[in-house]
Amino acid sequence: PPDCDCMISGSDQIFHELYFSNRNRYIPVLLGFGSPKIKKFVYGASFGTNEANFIVPDAAKEMLLEIKNISVRETSGCRILKQKFGIDGFWVPDPTFLLEERDYVDFFHLTKLSKQKYIAVYTLGFDRLRKLCDSAIAKVKRIYGCEEVHILSAGISLSEWLNEIRNATCVVTNSFH
């Protein structure tokens, strides 16, 4: 590990039970490495759930207790931190709201595409939501007069993903990050 004064971790759902279920996943996000003198912080993390009904290994709990400050992007995360770990975390806005649209446009070189109308679809747990998603897409097609549907998935760059959303007539999603 680097020799440094502090380390910062944080991202969407890094406190999800999936991370806590695998040592190789939770060590990096809980900063379970480096000198004990290094100050550790977590910024804008989330659990991906409103309930604290998951199992956390003792080693992961110990790593969490070594972190100086923990901030989460949902108020339910503050409650979970207190209930599950006895930690007083604090709420911060989702990091995506820290910048203005122009900042994203400039940084990722986003463009306005042609006036072609399409629906962008991004869902988590898509198979489970197939019927509901198909119904929402059909309704959006009628309302906005769109026939083309772009399914956003892994394999496209962050710039492409942002451009797809920016240029869509409508976005159908069950994820709000």
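One can find the structure itself at the top, above this paragraph.
Notes on the structure follow. (Residues numbered from 1 in each chain as written. Predicted model: local features only at pLDDT ≥ 70, side-chain atom pairs only at ≥ 80, totals over all residues. Heavy atoms only, no water.)

Turning our attention to the overall build of the chain. Secondary structure assignment for the chain yields 7 helices and 7 strands. Counted from the first residue to the last, the chain has its helices and strands arranged as β-α-α-β-α-β-α-β-α-β-α-β-α-β. Put simply, the chain has 177 residues, and 34% of those count as buried. Excluding contacts between residues fewer than 6 apart, the proportion of contacts in the chain whose partners are at least 24 apart in sequence is 74%. Total accessible area on the chain is roughly 11,300 Å²; 54% of this is exposed by carbon and sulfur atoms. The centroid of the 22 positive side-chain charges in the chain is displaced by 4 Å from the centroid of its 21 negative side-chain charges. (Helix = DSSP H or I, 4+ residues; strand = E, 2+ residues; numbered from the N terminus. Buried < 20%, exposed > 50% of the residue type's maximum accessible area, 1.4 Å probe, protein only. Contact = heavy atoms within 4.5 Å. Areas by Shrake-Rupley, 256 points an atom, 1.4 Å probe, with all protein chains shown as cover. Lys, Arg positive; Asp, Glu negative; His and termini not counted. Charge placed at Lys NZ, Arg CZ, Asp CG, Glu CD.)

Taking strand neighbours across the sheet as the criterion, the 4 strands line up as β1-β2-β3-β4 in an open arrangement whose pairing is parallel. In this open sheet, the two strands that pair with only one neighbour each are β1 (6-9) and β4 (90-91). As defined by bridge partners, strand β3 (residues 69-72) adjoins β4 across 2 bridges and the pair is classed as parallel. From the neighbouring strand, Val-72 faces β4, where its bridge partner is Trp-91. In the packing of helix α4 (residues 75-85) onto the sheet, the strands contacted are β3 and β4, and the crossing angle to β3 comes to about 140 degrees. (Pairing = 2+ DSSP bridges. Axes fitted to C-alpha atoms, helices over the stretch in contact; angles between N-to-C directions.)

Shape descriptors only; they carry no functional weight alone.
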